[in-house]
2 protein chains.
Amino acid sequence: MVATKSLPAESSPTETSGVRGRRRSFDMDEAVETAMRLFHARGYDAVGVAELGAELGIKPPSFYAAFGSKAGLFERALRRYAGGEANIFARAQADGGGVAEVIGRTLRLAARLYPERNGVAGCLVLDGARNSADPEARALTAALRTASVSALRDFIAGEEPERAGALAEFVMIAMMGMSAAARDGADETALTAFAEMAGRAFRRELAAEG
Amino acid sequence: MVATKSLPAESSPTETSGVRGRRRSFDMDEAVETAMRLFHARGYDAVGVAELGAELGIKPPSFYAAFGSKAGLFERALRRYAGGEANIFARAQADGGGVAEVIGRTLRLAARLYPERNGVAGCLVLDGARNSADPEARALTAALRTASVSALRDFIAGEEPERAGALAEFVMIAMMGMSAAARDGADETALTAFAEMAGRAFRRELAAEG
DNA sequence: GAGAAAATATAGTGGTCGCTACAAAATCGC
DNA sequence: GCGATTTTGTAGCGACCACTATATTTTCTC
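Here the residue numbering is sequential within each chain, running from 1 through the sequence in written order. The order in which chains are written sets their letters, starting at A; the order in which ligands are written sets their numbers, starting at 1. Local features in this predicted model are restricted to residues of pLDDT 70 or higher, and side-chain atom pairs are both shown and tallied only at a pLDDT of 80 or more, whereas totals for entire chains, interfaces and linings draw on every residue. With hydrogens and water set aside, each side-chain value is computed from the structure's full complement of heavy atoms.

### Regarding the overall build of chain A
And step 1. Across its full length, chain A holds ten helices and zero strands.
And step 2. Counting from the amino terminus, helix and strand elements in chain A follow one another as α-α-α-α-α-α-α-α-α-α.
And step 3. Within chain A, the proportion of its 210 residues that are buried is 45%.
And step 4. Here, residues are in contact when the closest pair of their heavy atoms is within 4.5 Å. The contacts of chain A with a sequence gap of at least 6 include a subset with a gap of at least 24, amounting to 63%. Comment: elements are numbered from the N terminus, with helices defined as DSSP H or I runs of at least four residues and strands as E runs of at least two. Burial status follows relative accessibility: with a 1.4 Å probe on protein chains alone, a residue under 20% of its type maximum counts as buried, one over 50% as exposed, and anything between as partly exposed.

As structure tokens, this is what we get:
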């Protein structure tokens, strides 16, 4: 499908998604999706540029023209990840309800989403750059984690402004544990059991007088 | 988090403590300690053999004569880690008490031990080989995690045999979350707040009728 | 001391890392 | 068409990876 050979017609895979830019021999969205899957499955450092290029069907110069660097592609992958259905908290919020309800839903959704599926497990933001030797990759995920915990805190503060910080961190650390456990092989049953306990704990802490 | 019993015994049991080993130009215990610190601080893959050799003051041939391989040294480091004061659950058990008390102590001890200190944070067993490309390193930590959760389950089963598995996994996943959070910069205050909530949750789950 | 054995240092193995210089090829505006 | 721009493939950069062949030095036994 990398047929860059002539023929003026339009059947060749040109730019997708209406984004204006230079014509490319590959589909950008698809490439980012593929990279996201690889980074998610094995972590940032364990996926090399050579493998990415081979999987995406492009050679190094095209790779660097399109993404700037390996970290540049990782950033795009993270952006797509955070903007898609992996944004668990946003999905849980969309269904409405109070703080306890939304947080409980968030935890249970993670338990359903994190277990291994097609070689991918856990959360890309929480574990994708863990132990990476590249400070840039670590900073990219760290920024998203900071944003996540802030969103959690702001949401919880709507009902419990006093202890919103601690409660948000409770949720965040619980999610980190679920992501790590999933990457170590935990299945949905085990994660759901944890999510239920963590959800009950959160509800009780929320209800408790501070 | 760490196992009470663990990796299969080694061929020459007393070789590690300078007593009977062949004379070397370096101190074996000190070398393993240094390697443990490096692996703990940055993860297995991010620490190279060249750096280990330089830090230990030995050249590659001596390195391989002493440890066999990088993974061999990692195994020794893990063994020392699990056998020392990082064995949180063993320490919490040593002070006696019922299940709820010991588990609460375990969680609070982790909150005190996991935050960054001298560049080291979290748990070596839980996160030392996370995202490693080396299956051998991953297997070594995985074996210790399995032993840890088994030890937790057996202990909890003394009071609550029915739900010991789920409760042990709750503790394990909570510890994983705390380790990950610590490696991402969480301080003792934040981790302690989580540990208290998790401890209360555990006590309530234990007391609840199954 | 002499000879054997062990631990050492020098140097280098092939491989992979992220990344790039260069020039041919495809595509653009006109 | 033509020239200019852009994207591509070929090839390779220096640095690092875990690891080792070989030779020398050290340390042992006697």
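### Re the pattern of salt bridges
And step 1. In what follows, salt bridge is the name for a side-chain nitrogen of Lys or Arg lying within 4 Å of a carboxyl oxygen of Asp or Glu. With the rule as written, the count across this model stands at 20 salt bridges over all chains.
And step 2. For A:Arg130, the salt bridge is made with B:Asp184, and the minimal N-O distance between the two is 3.0 Å. In this pair, A:Arg130 is assigned in the loop between helix H7 (124–127) and helix H8 (135–157) and B:Asp184 in the loop between helix H9 (164–183) and helix H10 (188–207), connecting two distinct chains.
And step 3. Assessed through its relative accessible area of 6%, A:Arg130 is described here as buried.

### Description of the interface of chain A and chain B
And step 1. In this complex, chain A contributes 31 residues to the contact, which on the side of chain B involves 31 residues.
And step 2. Buried area is a sum: the accessible area each of two parts loses on coming together, probed at 1.4 Å, counted once for each and added. The junction of chain A with chain B conceals about 2,600 Å² of combined surface from both sides, 62% of it contributed by carbon and sulfur atoms.
And step 3. Any N or O atom pair separated by 3.5 Å or less is treated as a polar contact, with the protein-specific requirement of one donor-capable and one acceptor-capable atom, and with residues adjacent in sequence counted only for side-chain atom pairs. Taken together, the connections running from chain A to chain B amount to 14 residue pairs in polar contact (both at pLDDT 80 or more).
And step 4. Per-element accounting of the side of chain A that touches chain B gives the leading share, twelve residues, to helix H9 (residues 164–183) of chain A.
And step 5. By the convention adopted, Pro, Cys, Tyr, Trp, Phe, Met, Ile, Leu, Val and Ala count as nonpolar, Lys, Arg, Asp and Glu as charged, and the other residues, Gly among them, as polar. Tallied by class, residues from the side of chain A that touches chain B come to 17 nonpolar, four polar and ten charged.

### A closer look at a positive patch on the surface
And step 1. The patches described consist of residues with a relative accessible area above 30% and no salt bridge, like charges being joined within 9 Å and nonpolar side chains (Val, Leu, Ile, Met, Phe, Trp, Tyr) within 5 Å. Residue burial considers only the protein chains on display, and all accessible areas are found by Shrake-Rupley using a 1.4 Å probe. Charge convention: Lys and Arg are scored as positive, Asp and Glu as negative, and His as well as the terminal groups of each chain are ignored. By convention, the charge on Lys lies at NZ, on Arg at CZ, on Asp at CG and on Glu at CD. Together, A:Arg108, A:Arg203, A:Arg204, B:Arg108, B:Arg203 and B:Arg204 make up a region of like positive charge exposed at the surface.
And step 2. Elements with a contribution of two residues or more to the positive patch: helix H10 (188–207) of chain A together with H10 of chain B.
And step 3. For A:Arg108, the position within the fold is in helix H6 (residues 99–113).

### As for empty space enclosed by the protein
And step 1. Points on a 1 Å grid over protein atoms alone make up a cavity when a 1.4 Å probe fits among them but cannot get out, and a pocket when they form an open set with protein on both sides within 12 Å along at least five of seven lines; lining residues each have an atom within 4 Å of a point. Grid points are joined across faces, edges and corners, and a volume is the space filled by probe spheres set on the points. In this structure the tally under the stated criterion is one cavity of 30 Å³ or more.
And step 2. The space that makes up the largest cavity amounts to roughly 100 Å³.
And step 3. As for the largest cavity, its lining consists of 20 residues, of which A:Asp45, A:Arg130, A:Asn131, B:Arg130 and B:Asn131 are closest to the centre.
And step 4. Of the residues contributing to the lining of the largest cavity, the split by class is six nonpolar, eight polar and six charged.

### Quick notes on the side chain of B:Arg105
Residue and element names in this part refer to chain B.
And step 1. Tracing the chain through its elements places Arg105 in helix H6 (residues 99–113).
And step 2. A distance of 2.9 Å separates a polar side-chain atom of Arg105 from the backbone oxygen of Gly96.
And step 3. Residues within four places of Arg105 in sequence aside, it is in contact with Ala92, Asp95 and Gly96.

### Considering the relation of the copies chain A and chain B
And step 1. After a rotation of 180° and a shift along the axis of 0.0 Å, chain A superposes on chain B with an RMSD of 0.1 Å. Such a combination of turn and shift is consistent with a two-fold rotation axis. When C-alpha distances to the rotation axis are compared across chain A, the minimum falls at A:Gly177, with a value of 1.7 Å.
And step 2. Of the residues that chain A buries at the interface, 100% are likewise interface residues in chain B, meaning the two copies contact each other through the same surface. Here the copies are matched by least squares. The fit uses the C-alpha atoms of residues with pLDDT of at least 70 in both.

### Describing the packing of aromatic side chains
Residue and element names in this part refer to chain A.
And step 1. Only centres within 6.5 Å qualify two rings of Phe, Tyr or Trp (six-membered ring in Trp) as a pair; their planes then separate them into stacked at under 30 degrees, edge-to-face at over 60, and tilted for everything else. Tallied over the entire structure, the rule returns 16 aromatic pairs over all chains.
And step 2. Put simply, the rings of Phe26, Phe63, Tyr64 and Phe67 touch in pairs and so form one group of aromatic residues.
And step 3. Think of it as a cone above the ring: NZ of Lys or CZ of Arg counts as a charge over the ring if it is within 6 Å of the ring centre and within 35 degrees of the ring normal. Against the face of Tyr44 rests Lys70, its NZ or CZ located 4.2 Å from the ring centre.

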